[in-house]
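Next come the chains, spelled out residue by residue.
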Amino acid sequence: GAGLPGMPLAIANPHLRVVLLDSNHKKTAFLRQTVAELGLPNVVVAAERAEIYQPNDRFDAAVSRAFSDLKTFVESSRHLIRSDGLLMAMKGLYPNEELDQLPSDIKLKEVVQLSIPGLSAERHLVLLSLAASGATA
């Protein structure tokens, strides 16, 4: 979409390397223009689907916002993170059913309830890890 939450993370944390993925070329053209205009050398925009993208180095974390259910997010992006990395999914209501459908090698680290100023709707951040990283549910 509009590069959320990656773009604000990159602006607030210039030491972070951020890759924005979107399969829509129109959206990535907008993001590339935004990166150029804001002068963000720490941001790369890739017009690819998450499940196809092959980074040179795996990431510390992959963040999803309005992408899919948790199971699909995990299946599409687990190859992007290091063995001790995090999969982070932004959700509305607490995703009970989605959590029940996670693959057995994925562990729930935490679900953080978010408070968004000016918004009364529920928002949650789901933190997942690979079971091999020693996390527990």
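Check the entry above for the structure.
Residues numbered from 1 in each chain as written. Predicted model: local features only at pLDDT ≥ 70, side-chain atom pairs only at ≥ 80, totals over all residues. Heavy atoms only, no water.

**Description of the overall build of the chain**
Logical step 1: Within the chain, the regular secondary structure consists of four helices and six strands.
Logical step 2: When the helices and strands of the chain are placed in sequence order, the string is α-β-α-β-β-α-β-α-β-β.
Logical step 3: The C-alpha radius of gyration of the chain comes to 15 Å, within 12% of the 14 Å expected for a compact globule of 137 residues.
Logical step 4: In terms of overall dimensions, the chain has a C-alpha envelope of 40 × 40 × 25 Å along the principal axes. (Helix = DSSP H or I, 4+ residues; strand = E, 2+ residues; numbered from the N terminus. Rg over C-alpha atoms; globule rule 2.2 N^0.38 Å.)

**Considering the environment of Glu 97**
Logical step 1: Turning to its location among the elements, Glu 97 is positioned in helix α4 (residues 96-100).
Logical step 2: Looking at Glu 97, the relative accessible area reads 64%, which means it is exposed.
Logical step 3: Placed 12 residues apart in sequence, Glu 97 and Gly 85 show a C-alpha to C-alpha distance of 23 Å. (Buried < 20%, exposed > 50% of the residue type's maximum accessible area, 1.4 Å probe, protein only.)

**Quick notes on the pairing of strand β1 (residues 18-21)**
Logical step 1: Bridge count between β1 and strand β2 (residues 43-46): four bridges; the pairing is parallel. By the bridge assignment for β2, Leu 20 is matched with Val 45.
Logical step 2: What joins β1 to β2 is helix α2 (residues 25-38), and the crossover it makes is right-handed. (Pairing = 2+ DSSP bridges. Right-handed = clockwise from strand over helix to strand, strands pointing away.)

**Examining the sheet that holds strand β5 (residues 106-114)**
Logical step 1: Sheet architecture is open: four strands sit in the order β3-β4-β6-β5, paired in mixed fashion. Where the open sheet ends on each side, the last strands, each with one partner, are β3 (59-65) and β5. Geometrically, the sheet is characterised by an average inter-axis angle of 20 degrees between neighbouring strands, direction not taken into account.
Logical step 2: By the bridge criterion, six bridges tie β3 to strand β4 (residues 81-91) in an arrangement that is parallel. Directly across from Ser 64, in β4, lies its bridge partner Ala 89.
Logical step 3: Here helix α3 (residues 70-77) sits on the sheet and contacts β3, β4, β5 and β6 (123-130); the angle it forms with β4, its principal contact strand, is near 145 degrees. (Axes fitted to C-alpha atoms, helices over the stretch in contact; angles between N-to-C directions. Contact = heavy atoms within 4.5 Å.)

**Details of α3**
For an α-helix the count is 3.6 residues per turn, leaving residues at separations of three or four pointing the same way.
Logical step 1: Taken together, the buried positions of α3 are occupied by Leu 70, Phe 73, Val 74, Ser 76 and Ser 77.
Logical step 2: As for α3, its buried residues are in contact with β3, β4, α4, β5 and β6.
Logical step 3: Sitting at the amino-terminal end of α3 is Asp 69, which places a side-chain oxygen 3.1 Å from the backbone nitrogen of Lys 71. (Polar contact = N/O pair within 3.5 Å; in protein donor to acceptor, adjacent residues only side chain to side chain.)

**Remarks on the pairing of β4**
Logical step 1: In this view, the connection linking β3 to its parallel neighbour β4 by way of α3 has right-handed handedness.
Logical step 2: Where β4 lies against β6, six bridges are found, and the strand directions are antiparallel. Paired with Leu 86 across the strands is Ser 129, a residue of β6.

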